[in-house]
Amino acid sequence: MLQQEFLLIDGADQARQAVRRNAFQNVDVIKVTADENLTVAELTAVIEEAHHEHLKVAVHAVDNVSIQTAIDARADSIEHGNEVTDAQLKQMRDKGIFLDLTPTFNDGFYLKITEPSIVISPASRADAASRNARRKQSYDQLVQRVLKSGVKFAAGSDMCWFYPGKSRGQASAGTLVKLRDAGMPPLDVIRSITTNAAEMLGWQDRVGAVEPGKFADLVAIAGDPIADITELERVRFVMKDGQVIRNDFQDNHSK
């Protein structure tokens, strides 16, 4: 499974070869998981080869060292970036590098997805709650620093987890609402998952806005998400490639 999901690289030549193998499979984007062992030279080779194939490069980087490696190699976007410094945000802004915010574990997410059948001791639950409070405060501060920095940003749910009682889409929408709770204006939240995300991926000519010539992938809700961002959790209409997949409005009208 590891070999199917990840291509390990050791040196610039293997980095280029890994990109070519992905490009041969007609991938849409190249993603690299960066840690302290990944060198700037290796990541630069990935990015140069990907750009030669007209592909963007997203770099999973959480700690300061990995984030700096991604910046120095001129990645197109940095995913997560939880430990990014103000100085690094300035470098990202100056180089046009996107920060892809993923507020998944903000606000006690782990406790919410824990199966009811799993017993957690009161002491462990209290410790988790304390850590969650610190994590939330830190992430709220990150969002505010990003907004002030002028760096380009998008958002993703990072929802690779099973959320009991919710579909993947419902869980994703609920996760993104946390950006509002962290102080991001609702309109910026919506842009972060539409127009900004499209630009980050280099897909602004295809998706991200309701415009002629773009894919007719649309959702509709009953209320105003600018007034109440949680409306995004109550999708009533879905269109995919111009085909109506769900229409609760019509169903209610027929009743």
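K.L.:
Go over the overall build of the chain with me, naming the residues and quoting the values.
P.N.:
In terms of helices and strands, the chain carries eleven helices and eight strands. For the chain, the C-alpha radius of gyration of 20 Å lies close to 18 Å, the compact-globule estimate for 255 residues. Taken along the three principal axes of its C-alpha coordinates, the chain extends 65 × 55 × 40 Å. Every one of the 255 residues in the chain was classed for burial, and the buried ones make up 36%. Taking all contacts inside the chain whose residues are at least 6 apart in sequence as the whole, residues at least 24 apart take part in 55%.

K.L.:
Please set out the sheet that holds strand β5 (residues 153-155) residue by residue, giving values where relevant.
P.N.:
Read from one edge to the other, the open sheet built from five strands follows the order β1-β2-β3-β4-β5, with strand pairing classed as parallel. Of all the strands in the sheet, just β1 (30-33) and β5 have a single pairing partner and so form its edges. Direction aside, the axes of adjacent strands within the sheet are offset by 25 degrees on average. Sheet topology note: the strand β3 (residues 77-80)/strand β4 (residues 98-101) ladder contains three bridges and is parallel. Pairing of Ile78 across the sheet is with Leu99, part of β4.

K.L.:
Account for the side chain of Thr104, with residues named and values stated.
P.N.:
By the element assignment, Thr104 lies in the loop between β4 and α6 (109-113). Looking at Thr104, the relative accessible area reads 1%, which means it is buried. At 2.6 Å, the side chain of Thr104 and the backbone oxygen of Ser157 are in polar contact. Setting aside anything within four residues of it in sequence, one finds Thr104 in contact with Phe109, Ser157, Asp158, Met159, Trp161, Thr175 and Lys178.

K.L.:
Quick one: what's the story with the packing of helix α2 (residues 12-24) against helix α3 (residues 40-52), residue by residue and with numbers?
P.N.:
Running from N to C, α2 and α3 point in directions that differ by 35 degrees, and their axes come no closer than 8 Å. Considering only the axes of α2 and α3, their crossing is right-handed. Only Ala41, Glu42, Ala45, Val46, Glu48, Glu49 and Ala50 of α3 make contact with α2, whose side of the interface consists of Ala12, Ala15, Arg16, Val19 and Arg20.

K.L.:
Please provide a residue-by-residue account of the packing of aromatic side chains, values included.
P.N.:
Taken as a whole, this structure holds zero aromatic pairs when the rule is applied. The ring of Tyr163 carries Lys166 above its face, with NZ or CZ at 4.7 Å from the centroid.

K.L.:
Pulling in residues and values, what's your account of the pairing of strand β7 (residues 235-240)?
P.N.:
As defined by bridge partners, strand β6 (residues 218-221) adjoins β7 across four bridges and the pair is classed as antiparallel. Counted as the bridge partner of Ile221 is Val235 from β7. In the sheet, β7 pairs with strand β8 (residues 243-247) via four bridges, with the strands oriented antiparallel. Paired with Lys240 across the strands is Gln243, a residue of β8. Following β7, the chain reverses through two residues before pairing antiparallel with β8; Asp241 in that reversal takes a positive phi of roughly 55 degrees.

K.L.:
Run through helix α5 (residues 86-95), naming residues and quoting values.
P.N.:
For α5, the complete set of buried residues consists of Gln88, Leu89 and Met92. Projected down its long axis, α5 shows its buried positions confined to an angular sector of 105 degrees, all on one face. For α5, the exposed residues set more than 90 degrees away from the buried face come down to Asp86 and Ala87. Where the residues of α5 are buried, they touch α4 (64-72), β3, β4 and α7 (122-149).

Calculation criteria
Residues numbered from 1 in each chain as written. Predicted model: local features only at pLDDT ≥ 70, side-chain atom pairs only at ≥ 80, totals over all residues. Heavy atoms only, no water. Helix = DSSP H or I, 4+ residues; strand = E, 2+ residues; numbered from the N terminus. Rg over C-alpha atoms; globule rule 2.2 N^0.38 Å. Buried < 20%, exposed > 50% of the residue type's maximum accessible area, 1.4 Å probe, protein only. Contact = heavy atoms within 4.5 Å. Pairing = 2+ DSSP bridges. Axes fitted to C-alpha atoms, helices over the stretch in contact; angles between N-to-C directions. Polar contact = N/O pair within 3.5 Å; in protein donor to acceptor, adjacent residues only side chain to side chain. Left-handed = near helix turned anticlockwise from the far one by under 90°. Phe/Tyr/Trp six-rings, centres within 6.5 Å; stacked < 30°, edge-to-face > 60°. Lys NZ or Arg CZ within 6 Å of the ring centre and 35° of its normal. Arc of directions from axis to C-beta.

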